[in-house]
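Secondary and tertiary structure notes
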Amino acid sequence: MRVKGKIYRAIVLSTLLYGAEAWTVFRRQVKKLHAFMMRHLRSIMGITWMDKVTNKDILERTGLPPMEDLLIRKNISGGLDTS
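The numbering scheme is per chain: residues are counted from 1 as the chain's sequence reads. In view of the model being predicted, local features appear only for residues whose pLDDT reaches at least 70, and side-chain atom pairs are presented and counted only at 80 or more, with totals across whole chains, interfaces and linings using the full set of residues. Side-chain calculation: all heavy atoms of the structure are included, whereas hydrogens and water are not.

Labelled according to an unreviewed UniProt entry, the chain appears under the name Reverse transcriptase, originating from Ridgeia piscesae.

**Observations regarding the packing of aromatic side chains**
Stacked, tilted and edge-to-face are the three classes assigned to paired rings of Phe, Tyr and Trp, where Trp is represented by its six-membered ring and a pair needs centres within 6.5 Å; plane angles under 30 degrees give stacked, over 60 edge-to-face, the rest tilted. Counted under the stated rule, the structure contains zero aromatic pairs. A ring is scored as having a charge over it whenever the NZ atom of a lysine or the CZ atom of an arginine sits within 6 Å of its centre and within 35 degrees of its normal. The ring of F26 has R28 sitting right over it, with the charged end atom 5.2 Å from the ring centre.

**So, the pattern of salt bridges**
What makes a salt bridge here is a side-chain nitrogen of Lys or Arg within 4 Å of a carboxyl oxygen of Asp or Glu, nothing more. Inspection of the entire model under this criterion finds one salt bridge. Here R27 and E68 are joined by a salt bridge, their closest N and O atoms 2.9 Å apart. Separated by 41 residues along the polypeptide, R27 in helix α2 (residues 27–45) and E68 in helix α4 (residues 67–73) bring together distant segments of the chain. For E68, a relative accessible area of 31% translates into the label partly exposed. Helical segments are the DSSP runs of H or I of at least four residues, strand segments are the runs of E of at least two, and each set is numbered from the N terminus. Burial classes: relative accessible area under 20% of the type maximum marks a residue as buried, over 50% as exposed, and values in between as partly exposed (1.4 Å probe, protein chains only).

**Here we look at the nonpolar core**
Each nonpolar core is a collection of buried residues, namely Ala, Val, Leu, Ile, Met, Phe, Trp, Tyr and Cys, held together in the definition by side-chain atoms within 4.5 Å. M37, L41, I58, M67 and L71 are the most contacted members of the largest nonpolar core, which has 19 residues in total. If you list the elements that add at least two residues to this core, you get α1 (2–16), α2, α3 (55–62) and α4. Sorting elements by how many residues they give to this core places α2 first, with six residues.

See below:
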């Protein structure tokens, strides 16, 4: 699963977060981006909501950090708004 996580990070996340340095990001947008990421990781791994696997477990299996950490690494932490 780590290989799929690396491919996901290289292709999907790099495309999704392209230009993120210029964004003003609100909490609700971070939640939506995180939901997008988790939905696709679950699909890649073949896990449904009925399997009762936590998001934390999925992130550990793939070796990916949460969306908020990815956005902070993209250097937009100053742009995170609490709205």
